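# Coordinate analysis (summary)
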Amino acid sequence: MKTPPFHIPEFAVLGHPNEGKSSVVSTLTEDDQIRVSPVPGETTVSRTYTVEIDREEIIRFVDTPGFQAPRQTLAWFRAYGGDSEKILEHFIATFQDDPFFADECELMAPIARGAGIIYVVNGSRPVRGDDIAEMEILRLTGRPRMAIINSKQMDKDYTREWKLEFRKYFNSIRVFNSNTADFKERIRMLESLKSIDQEWEDSLSKVILAFKGEWKKRNRLACAYITLGLEKSLGFSVSERLSITADPIRARERLNLSFQRGIRGIEQEMFAQIKFLFKHTLYDYPLPDYSLLQHDLFAKQTWELLGLTQKQLAGAGAVLGGTMGIVMDTAAGGLTFGVFTALGSILGAGSALWSGKKIVQKTNQTLQLGGDRLQVGPNENLQFLYILMDRALIYYAHMMHRAHGRRDLASAGLDPKAGKSKKGISAGLSPGQRNICNRFFKSVSGKTLIKGKKAIPEFAVLVESLLEKIANE
């Protein structure tokens, strides 16, 4: 027995001009290329946007022009005496060449084809006479319909007034702020859409199942990107072969900068993967002023904001000062005479370098040397893992919470009032979770001769659980 073809649900997003219809469509479809403008009447032609998951079309949303003549249109609808199921077709046939009703014909065309209705209003303004006319027109179409209250501003809130009116005209009502709605809010809205008509339940249930599967896949991929990025960072090092006449101080500074550029590059690659995962492709969204990610990875303020104690800060001098662990080997005939590691940028780095130089000078008296190798990294500070992990999780929160319909320069997802608080997610880890991090750190940074086979998978499971926790907050 053949499985019947999947019916792709389609919804026309309707409303008065400048109510946020395009913004709602942009967020629902995760398409930041949809034009969103504060100027009324920007949308003049209906455009269909399809959501695809694993290259399969799942659901469609149609961005439509706003109502321009609702009272005149309602008068025609009330005077219509024909077949009620053909009312839309007759209206379009009657006025398709009339410029006065051009927008009304355009916005009703997808409904005439069988699309459901999503009616969008701005909840920050009161209900007006034109709104009542629009709602009555949509009721007379007889199509399944949902009303969305899109609160564009928070200074005034007429949500209760809108809900009282909506109950007279719509099958379902939902508050959906296109500036803040994330992936899970989209799923909750689809759950509400199921109630608009029993005939739509099966197809929308399949859509919801696909969305939930996509959410799990994204979290697994984000976990993989973060785990791999941290593994690369903690195992990263740079080195340089020194000639006899080379200045080790300048070489140290050069390698420090090279090391920091390398770590930043790994982090930025990880961020780009997470950003692409959540389909933020067109706009380079700036992070909010209060975000910890505004501070450089190697800035002292970054470590302070992530909750290090003064003792931990003092021990992290190598990172804060730019020295990530200096190693100088003096080689002759394949032999290694010394390994010197500077753990602090002020107390350790200079003395280790100069100690290395003195040994070179002494051994020159008796042996022919092959040259010095100066190496920076891998990082030896466990706290560096927590800094990298916290920054990755914070960036994930920014991208996951960022609504695609939002076009301003601020970012959602974190409380600006918490701008100076300690935001380190790792600060709340249990002793058992910290042991997992410690084993991962030792395994990927070369601190143990025998790599634990379970260390990386255990850490990945921990990261995934933290991602889920962020998503559910």
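Residues numbered from 1 in each chain as written. Predicted model: local features only at pLDDT ≥ 70, side-chain atom pairs only at ≥ 80, totals over all residues. Heavy atoms only, no water.

## Observations regarding the nonpolar core
- Of all hydrophobic cores here, the largest spans 75 residues; its most connected members are Ile-59, Phe-211, Tyr-396 and Phe-459.
- For this core, the leading source of residues is helix α14 (residues 382–401), giving 12 residues.
- Setting aside residues up to four positions removed in sequence, Ile-59 forms contacts with Ile-8, Pro-9, Phe-11, Tyr-49, Thr-50, Val-51, Leu-190, Leu-204, Val-207 and Phe-211. (Core = buried A, V, L, I, M, F, W, Y, C linked by side-chain atoms within 4.5 Å. Buried < 20%, exposed > 50% of the residue type's maximum accessible area, 1.4 Å probe, protein only. Helix = DSSP H or I, 4+ residues; strand = E, 2+ residues; numbered from the N terminus. Contact = heavy atoms within 4.5 Å.)

## Some thoughts on the sheet that holds strand β3 (residues 56–63)
- Taken in spatial order, the 6 strands make up an open sheet running β2-β3-β1-β4-β5-β6, and their pairing is mixed. Two strands lie at the open edges of the sheet, namely β2 (47–53) and β6 (172–175), each paired on one side alone. Between one strand and the next, the sheet's axes are offset by a mean angle of 25°, whatever the strand orientation.
- Here β2 pairs with β3 via 7 bridges, running antiparallel. Paired with Ile-53 across the two strands is Glu-56, which belongs to β3.
- Running at roughly 110° to β3, helix α8 (residues 201–234) makes contact with β1 (10–15), β2 and β3 of the sheet. (Pairing = 2+ DSSP bridges. Axes fitted to C-alpha atoms, helices over the stretch in contact; angles between N-to-C directions.)

## Quick word on the confidence of the model for the protein
- Put simply, the protein has an average pLDDT of 78, and 72% of its residues get 70 or more.
- Mean pLDDT in the protein bottoms out at strand β9 (residues 335–336), which sits at 26, and peaks at helix α2 (residues 70–79), which reaches 97.
- Segment residues 409–422: pLDDT under 50, and 26 contacts once partners within four positions in sequence are set aside and those in other chains are kept. (pLDDT = per-residue confidence, 0-100.)

## Let's talk about empty space enclosed by the protein
- Scanning the model with the defined rule gives 2 cavities of 30 Å³ or more in all.
- In this model, the largest cavity occupies a volume close to 60 Å³.
- In terms of lining, the largest cavity is formed by 13 residues, of which the most central are Glu-30, Asp-182, Phe-183, Arg-402 and His-404.
- Counting residues per element, the ones that place at least two in the lining of the largest cavity are α7 (183–193) and α14.
- Of the residues that constitute the lining of the largest cavity, the class distribution is 6 nonpolar, 3 polar and 4 charged. (1 Å grid on protein atoms, 1.4 Å probe; cavity = no way out; pocket = protein on both sides within 12 Å on 5 of 7 lines; lining within 4 Å. Points joined across faces, edges and corners; volume = space filled by probe spheres on them. Nonpolar A, V, L, I, M, F, W, Y, C, P; charged D, E, K, R; others polar.)

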